[in-house]
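# Report on the structure
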There are 2 protein chains.
Amino acid sequence: MTTSNTNEATGGASGRVDPAVRAELARLRDSIDNIDAAVVHMLAERFKCTQQVGHLKAAHQLPPADPSREAHQIARLRRLAENAKLDPAFAEKLLNFIIAEVIRHHERIADGAGNGAADAGE
Amino acid sequence: MTTSNTNEATGGASGRVDPAVRAELARLRDSIDNIDAAVVHMLAERFKCTQQVGHLKAAHQLPPADPSREAHQIARLRRLAENAKLDPAFAEKLLNFIIAEVIRHHERIADGAGNGAADAGE
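Residues numbered from 1 in each chain as written. Chains lettered and ligands numbered in written order. Predicted model: local features only at pLDDT ≥ 70, side-chain atom pairs only at ≥ 80, totals over all residues.

## Brief notes about the relation of the copies chain B and chain A
With an RMSD of 0.0 Å, the operation that places chain B on chain A is a rotation of 180 degrees combined with a shift of 0.0 Å along the axis. Such values leave the two copies arranged in the relation of a two-fold axis. No C-alpha of chain B lies nearer the rotation axis than that of Val 39 of chain B, which sits 3.0 Å from it. When you check the interface residues of chain B against chain A, 98% turn up at the interface there too, and the contact is symmetric in its surfaces. (Least-squares fit on C-alpha atoms with pLDDT ≥ 70 in both. Contact = placed C-beta atoms within 7 Å.)

## A few points about the packing of helix α1 (residues 19-59) of chain A against helix α1 (residues 19-59) of chain B
Running from N to C, α1 of chain A and α1 of chain B cross one another at 165 degrees; their axes reach a closest spacing of 9 Å. Relative to α1 of chain B, α1 of chain A is oriented roughly antiparallel. The chirality of how α1 of chain A crosses α1 of chain B is left-handed. (Axes fitted to C-alpha atoms, helices over the stretch in contact; angles between N-to-C directions. Helix = DSSP H or I, 4+ residues; strand = E, 2+ residues; numbered from the N terminus. Parallel < 35°, antiparallel > 145°, perpendicular 65-115°, else oblique. Left-handed = near helix turned anticlockwise from the far one by under 90°.)

## Comments concerning α1 of chain B
Over its 41 residues, α1 of chain B extends 60 Å from the first C-alpha to the last, a length consistent with the 60 Å expected when each residue adds 1.5 Å. Where α1 of chain B ends, the next residue or the one after it, Gln 61 of chain B, has phi of about 50 degrees, a positive value. (Expected span 1.5 Å × (residues − 1).)

## Details of the interface of chain B and chain A
Contacts between the two partners involve 57 residues from chain B and, on the opposite side, 56 residues from chain A. Among the secondary structure elements, those contributing two or more residues to the side of chain B that touches chain A are α1, α2 (67-83) and α3 (88-113) of chain B.

Next up, the structure:
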């Protein structure tokens with residue numbers, strides 16, 4: 001196993017890698033890039049939804065937190081992950097990661113409206 | 001602004017919330033749930049790709065890291081996020097979060113094959 005950090009093996013300038021291997025690597029990376037773009041756009045849409053929830057709750061003095069909703073979300077996501085052969089613990093961590101960003105968004109709404117109430121995870 | 005933590009406002013047992021507001025909240029939450037399911041399945045597919053990359057690199061003694069590939073990925077994702085009106089810093093943090101999981105996967109491949117070489121982010 002080489003620990004070299006050069007670019008030679010991964011499509012760089014050097015020609016020492018089997019072209020078939022390089023092509024296969026490029027094919028996989030194209031898929032990864034496509035998926036990343038899809039995820040970014042999905043999350044942009046998700047934040048549009050949570051932003052609407054934030055405004056709705058602020059307008060109707062609804063409580064920010066709904067522990068039962070959040071528990072349901074986590075359980076469902078873990079189940080979905082398991083079915084998709086994804087580590088359920090990772091899916092849960094991911095949801096929590098996104099929730100942290102939603103909270104940041106809601107804090108911005110709160111700064112603007114004096115009320116940023118919304119379920120963090122929604 | 002209420003700081004109450006009860007369930008009353010978000011579709012719980014109590015009927016004190018305007019049904020139109022409750023319906024709108026349910027509509028938004030359905031969208032959020034749909035998006036979360038899509039993201040989980042996208043990421044399951046992404047991990048299938050990075051796993052293939054891991055095996056490919058291990059089989060051909062390719063170096064695990066490719067800093068130029070990673071820099072390209074980050075720059076591209078930030079650009080995509082900006083266009084989608086998503087915080088580019090969040091997109092970058094998200095990629096790093098996923099990369100950490102990919103590294104965990106590669107460590108498992110390495111444990112099995114004696115060589116887990118693959119770009120972390122791929």
